[in-house]
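Descriptive analysis of the structure
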Amino acid sequence: MMEEDAAIVVRDLRRTFLSGHGFSLNRKRIKAVDGVSFSVKRGTTFGIVGESGSGKSTAARMLCGLERIDSGSVLIDGFDVSNLRKADRLAFRRILQLVFQDPYAALNPYWKVGNLVAEGMRVHQLCPAGERRARVAALLDQCGMPADAIDRYPHEFSGGQRQRICIARALAVQPKILVLDEPVSALDVSIQAQILLLLQALQRELGLTYVFISHNLAVVEQLCDHVAVMKTGQVVEAGVTEEVIHHPTHPYTQALIASTPVPEPRSRRGKETRTTQHRRP
């Protein structure tokens, strides 16, 4: 891929932590992200997949400027995240927004939904105060929320609805890129499908670029154009999603696929059965 086509270019990204606390001599260096490189074409979805502890969420936080970069570089739409100047941070936050895993913890329970979604507009001075309510209402409607949501509190909504609010809040600053850190893993399977369809529709409408973090290859297969598989801080396999999932070459990828539950084929009546089977490499 030519770099001018890329919204994100990551080169040799590294982050090391010390295990334990204090000044113990037994503390060890853990390479959470160890030489990761990839690029993401504008308007596409790039998946980063792996088990807990693989380094995928740490890599996502580094993209967002929320985790220190020990070495390597992250270039996002003209911003060098590895050397981001203080004066550029506000502008960078408009380019890239993060949607968190847990919609129950991501929203201030003491704020009404309208205020939560409008806060980014206020901070970035995107529209006059008198126009914000109409803009918030339009965003909530675009994300499938009822009209009266604007004057209600987060606790009045289900997990799926809260994640829709989180997505609307992220879109309020008109970003070009969304980093989605396990955005459906806390939701029921049927609700997961609805959120994924919403993300696909928004990407078509707005031309968004996604980085999608997940441990679930079935979800990644549905949403992502390209995928990188991470294990112990390193990318062990990467490529076009369909090729990686259906023709994996690395044993770790094969093991992940083998352990991923998938629905049984449809019955002759066209109904899904309730049992699941496992993929085989």
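Analysis parameters
Residues numbered from 1 in each chain as written. Predicted model: local features only at pLDDT ≥ 70, side-chain atom pairs only at ≥ 80, totals over all residues. Heavy atoms only, no water. pLDDT = per-residue confidence, 0-100. Contact = heavy atoms within 4.5 Å. Helix = DSSP H or I, 4+ residues; strand = E, 2+ residues; numbered from the N terminus. Polar contact = N/O pair within 3.5 Å; in protein donor to acceptor, adjacent residues only side chain to side chain. Salt bridge = Lys/Arg side-chain N within 4 Å of Asp/Glu carboxyl O. Pairing = 2+ DSSP bridges. Axes fitted to C-alpha atoms, helices over the stretch in contact; angles between N-to-C directions. Phe/Tyr/Trp six-rings, centres within 6.5 Å; stacked < 30°, edge-to-face > 60°. Buried < 20%, exposed > 50% of the residue type's maximum accessible area, 1.4 Å probe, protein only. Core = buried A, V, L, I, M, F, W, Y, C linked by side-chain atoms within 4.5 Å.

A few points about the confidence of the model for the protein chain
Across the protein chain, pLDDT averages 89, with 89% of residues at or above 70. Long-range and interchain partners of residues 264–281, a stretch whose pLDDT sits below 50, account for 29 contacts in this model, where long-range means more than four residues apart.

Comments concerning the environment of lysine 176
Within the fold, lysine 176 resides in the loop between helix 5 (159–171) and strand 7 (177–181). Linking lysine 176 and glycine 207, residues 31 residues apart in sequence, is a C-alpha distance of 7.6 Å. Excluding residues within four positions of it along the chain, lysine 176 makes contact with Asp77, Arg94, Ile95, Leu208 and Thr209. One polar contact links lysine 176 to aspartate 77, side chain to side chain, over a distance of 3.1 Å.

Here's the deal with the pattern of salt bridges
By the definition in use, this model includes 14 salt bridges. Here glutamate 67 makes a salt bridge to arginine 15, at a shortest N to O gap of 3.2 Å. You can see glutamate 67 sitting in the loop between helix 1 (56–63) and strand 4 (71–76) and its partner arginine 15 sitting in strand 1 (residues 6–18), a full 52 residues away along the chain. It is possible to trace a salt-bridge network through shared partners that takes in Arg15, Arg61, Glu67, Arg68 and Asp70.

Quick notes on the sheet that holds strand 5 (residues 79–80)
If you walk across this open sheet you meet the four strands as 2-1-4-5, and the pairing is antiparallel. Of all the strands in the sheet, the pair left with one neighbour each is strand 2 (29–41) and strand 5. Here strand 1 pairs with strand 2 via ten bridges, running antiparallel. Looking at strand 2, one finds that valine 10 is bridged to phenylalanine 38. Across the sheet, helix 1 touches strand 1, strand 2 and strand 4, and the angle it forms with strand 1 is around 120°.

As for the packing of aromatic side chains
Summed over all chains, the structure comprises two aromatic pairs. A centroid spacing of 5.7 Å and a plane angle of 65° characterise the contact between phenylalanine 79 and phenylalanine 92, whose relative ring orientation is edge-to-face. Of this pair, phenylalanine 79 sits in strand 5 while phenylalanine 92 is found in helix 2 (residues 89–95), placing the two residues 13 residues apart along the sequence. Since its relative accessible area comes to 0%, phenylalanine 92 is described here as buried.

Focus on the nonpolar core
Core analysis: the biggest nonpolar cluster contains 49 residues, and Val117, Leu140, Ile167, Leu171, Leu199, Leu202 and Phe212 have the highest contact counts within it. If one sorts the elements of this core by residue count, helix 5 sits on top with six residues. With residues up to four places along the chain from it excluded, the contact list for valine 117 reads Val136, Leu139, Leu140, Ile165, Ala168, Arg169 and Ala172. In terms of nonpolar packing, the next biggest core, distinct from the first, is built from 31 residues, Ile8, Phe46, Ile48 and Ala228 among them.

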